[in-house]
Amino acid sequence: MNLVERLEAIPDRAAAWLGRRGPTKLPMQLTQGRIYILPSGAGMAFGMALIVLLIGAINYGLSLGYGLVFLLVGAALSATVQSFRNLLGLNITRLRIDPVFAGEPATLQILLENPTSLRRPALRLRCGTAESLATLEAVSSADIDIPLPTTQRGWMPVPAIRIGTRWPLGLVRAWSLLRPDLNCLVYPAPEAGAPPLPQGNSRETAGRLTRFSGDDDFAGLRPHRLTDSPRHVAWKAAASGGPLLTKEFAAQQGTSLLLDWHSLHGLGDDARAARLTAWVLAAEGLGMRYALRTPEGLLDAASGPQHLRTCLARLALARSRHA
């Protein structure tokens, strides 16, 4: 690794070292003690060129050479001050990241405020391998989105956030670090081509349930037959890649669908979570009441967005308890 590459890697190494000192409390203001400055690769080349010019001016006694060197040094110093002022006084007041399914990018939202009368151009916000660019006008604020990749279900800690700039000449890098106390909940990715919703594990709650092809309360799903009415086809389940199913209705609301982790024999934890996620989404899309049993316990039958989020969160963290 050459000198330029070592310099470029310093902020990332500093983030790893500072991460062991505990999280940063919000709101945070970028004060003088929080901003660091290092030469960029272009700045290193620029400095070497100045040294060569100075040696030439000394060797040949060129007064114009001295003047050029001092002029360029002054421009570099001015650029360094401008880079520092581009970050000084910025406020980071809020961080937010919503749950997503594994494989989808999680959007980290950073509320950045500029309380001063200075415009802040060419800001770079980096989190892990993801980066976003932003410009803040005088006395303004903006929500900056950084897409973070996700690979597996469960809690994903948010890496250190680096706020930096190379404005105006790109000769130096001014940067500051934020160590967030924030985790992203990653839901399991639903199984592609999951089997139809189970029909034989309903829990009786209010007497026997009589099924027929009427238009009363929804009772469940069955495989589609050519003689079925098109308006009874579960089009949402089919659009999500599942098999063609037909809705059945009942004269009395008496059962709720039970989705049981322990009934999926022969599957690993991640495969069980993926199938149950697909079933939970299908049941919610059909307006069914469904219960979920995992090694952590039983979630009673319900439906709606809040119940869906609770079930997905349970599946994101579910693990079998082996003896």
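In what follows, the structure referred to is the one given above.
Residues numbered from 1 in each chain as written. Predicted model: local features only at pLDDT ≥ 70, side-chain atom pairs only at ≥ 80, totals over all residues. Heavy atoms only, no water.

K.L.:
Please explain the pattern of salt bridges as it appears in this structure.
P.N.:
A pair can form between side chains of opposite charge whenever their charged atoms are brought close. A full pass over the atoms with the stated rule returns eight salt bridges. Put simply, E131 and R124 hold a salt bridge, and the shortest N to O gap is 3.2 Å. Judged by its relative accessible area of 36%, E131 is partly exposed. Residue R153 is joined to D270 by a salt bridge in which the shortest nitrogen-to-oxygen separation is 2.8 Å. Here D270 lies in helix α5 (residues 269-285) and R153 lies in the loop between β8 (140-148) and β9 (154-157), a separation of 117 residues in the sequence. A relative accessible area of 52% means that D270 is categorised as exposed. (Salt bridge = Lys/Arg side-chain N within 4 Å of Asp/Glu carboxyl O. Buried < 20%, exposed > 50% of the residue type's maximum accessible area, 1.4 Å probe, protein only. Helix = DSSP H or I, 4+ residues; strand = E, 2+ residues; numbered from the N terminus.)

K.L.:
Looking at this model, I keep getting lost on the pairing of strand β7 (residues 130-136). Mind explaining?
P.N.:
Across a regular strand the side chains alternate sides, sitting on one face of the sheet and then on the other. Here β7 shows a buried face lined by A130, S132, A134 and L136 and an unburied face lined by E131, L133 and T135. The pairing of strand β6 (residues 120-127) with β7 spans six bridges and is antiparallel. Bridge pairing in β7 places L123 opposite A134. Count of turn residues in the β6/β7 antiparallel hairpin: two residues, of which G128 carries a positive phi of about 65 degrees. (Pairing = 2+ DSSP bridges.)

K.L.:
Even after reading the chapter, I still don't get the sheet that holds strand β4 (residues 100-101), so can you show me in this structure?
P.N.:
Note on sheets: strands pair through backbone hydrogen bonds, and any given pair is parallel or antiparallel. The sheet built from three strands is open, its strands ordered β4-β12-β9 with mixed pairing. The open sheet terminates on both sides in strands that have one partner only, identified here as β4 and β9. For β4 and strand β12 (residues 183-187), the ladder comprises two bridges, and the chain directions are parallel. Looking at β12, one finds that F101 is bridged to Y187. Sheet contacts for helix α6 (residues 305-317): β4, β9 and β12; angle to β12, the most-contacted strand, approximately 95 degrees. (Contact = heavy atoms within 4.5 Å. Axes fitted to C-alpha atoms, helices over the stretch in contact; angles between N-to-C directions.)

Shape descriptors only; they carry no functional weight alone.
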